[in-house]
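The chain contents come next:
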Amino acid sequence: ISNAITSDASQGVSAVTDSEVGRAFRKSVVQGAQVVDKFDEKWERLSDSLRDKSKCDKNTGRRLYDNGKRKDGTPIGSPGLGELCAPEPLMPLDVEMKDNILAVAVKSALIVSGGKGDTLSKAIQEAKDLVRPSFERSMQSSQSEDEKNR
């Protein structure tokens, strides 16, 4: 370890990090990064708004977002895939399958933890109590019984 860094405040790292010049430099770097980030976000929005939203990949059934072409006409990179062109509705929740998966998960956790059932039950109940308000709010805004089961 260098004595200049640890013991002498007028030299080494502390002189750069604590000085007015060092602070001003770091502040300008951070502000410059924020400006570039905002510009990048606006450019992404503009780019997304100019994409052909009807273009669909026949192999995957997803929207195809082109990365552009080079001067010689060859494509730049692989095109990005977006959302499904014809989204399929979600199937209804199989409640019996859900219950079986949860039962197997609890049994596995009991085996791994050494069989402390009350500790696991308490942790499960705490998790349920934590997320219940969010699910209740979601169910209040649900329109159909199918949405509530999801």
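Criteria and thresholds
Residues numbered from 1 in each chain as written. Predicted model: local features only at pLDDT ≥ 70, side-chain atom pairs only at ≥ 80, totals over all residues. Heavy atoms only, no water. pLDDT = per-residue confidence, 0-100. Helix = DSSP H or I, 4+ residues; strand = E, 2+ residues; numbered from the N terminus. Contact = heavy atoms within 4.5 Å. Salt bridge = Lys/Arg side-chain N within 4 Å of Asp/Glu carboxyl O. Buried < 20%, exposed > 50% of the residue type's maximum accessible area, 1.4 Å probe, protein only. Patch = residues over 30% accessible without salt bridge, like charges linked within 9 Å, V, L, I, M, F, W, Y side chains within 5 Å. Areas by Shrake-Rupley, 256 points an atom, 1.4 Å probe, with all protein chains shown as cover. Axes fitted to C-alpha atoms, helices over the stretch in contact; angles between N-to-C directions. Parallel < 35°, antiparallel > 145°, perpendicular 65-115°, else oblique. Left-handed = near helix turned anticlockwise from the far one by under 90°. Expected span 1.5 Å × (residues − 1). Bend = angle between axes of the 7 residues up to and from the residue.

1. As for the confidence of the model for the chain
Thought 1: Scored by pLDDT, the chain comes out at a mean of 78, with 79% of its residues at no less than 70.
Thought 2: Put simply, helix 1 (residues 3–6) is where the chain has its lowest mean pLDDT, 46, and helix 4 (residues 95–113) is where it has its highest, 90.
Thought 3: The low-confidence segment residues 1–8, where pLDDT is below 50, has six contacts with residues more than four positions distant or belonging to other chains.

2. As for the pattern of salt bridges
Thought 1: Overall, the coordinates contain four salt bridges when judged by the stated rule.
Thought 2: A salt bridge links Glu20 to Arg23; the shortest N-O distance between them is 3.3 Å. Taken as a pair, Glu20 and Arg23 lie in helix 3 (residues 20–50) at a separation of three residues, close to a single helical turn.
Thought 3: Across the salt bridge formed by Asp129 and Arg132, the nearest N and O atoms sit 3.0 Å from each other. Highlighted residues: Asp129 and Arg132, both in helix 5 (residues 117–140), separated by three residues, approximately one helical turn.
Thought 4: Arg132 sits in the partly exposed class, given a relative accessible area of 36%.

3. Describing a nonpolar patch on the surface
Thought 1: A surface patch of nonpolar side chains, amounting to about 500 Å² of accessible area, comprises Phe39, Trp43, Leu46 and Leu50.
Thought 2: With respect to the helices, strands and loops of the structure, Leu46 is situated in helix 3.
Thought 3: Relative accessible area serves as the criterion here: at 42%, Leu46 is assigned to the partly exposed category.

4. Concerning the packing of helix 4 against helix 5
Thought 1: Relative orientation of the contacting elements helix 4 and helix 5 amounts to 130 degrees, with a least axis distance of 10 Å. Classed by the angle they form, the pair helix 4 and helix 5 counts as oblique. Taken as a pair, helix 4 and helix 5 cross one another with a handedness that is right-handed. Two secondary-structure elements touch here, helix 4 through Val106, Ala109 and Leu110 and helix 5 through Gly117, Leu120 and Ile124.

5. Some remarks on the environment of Gly117
Thought 1: Tracing the backbone shows Gly117 in helix 5.
Thought 2: A relative accessible area of 25% means that Gly117 is categorised as partly exposed.
Thought 3: Measuring from C-alpha to C-alpha, the distance between Gly117 and Lys107 comes to 9.4 Å, with ten residues separating the pair along the chain.

6. Some thoughts on helix 5
Thought 1: With 24 residues, helix 5 extends 33 Å from end C-alpha to end C-alpha; this agrees with the ideal 34 Å at 1.5 Å per step.
Thought 2: Maximum bend of helix 5: about 40 degrees, positioned at Val131, with proline Pro133 one to four residues after it.

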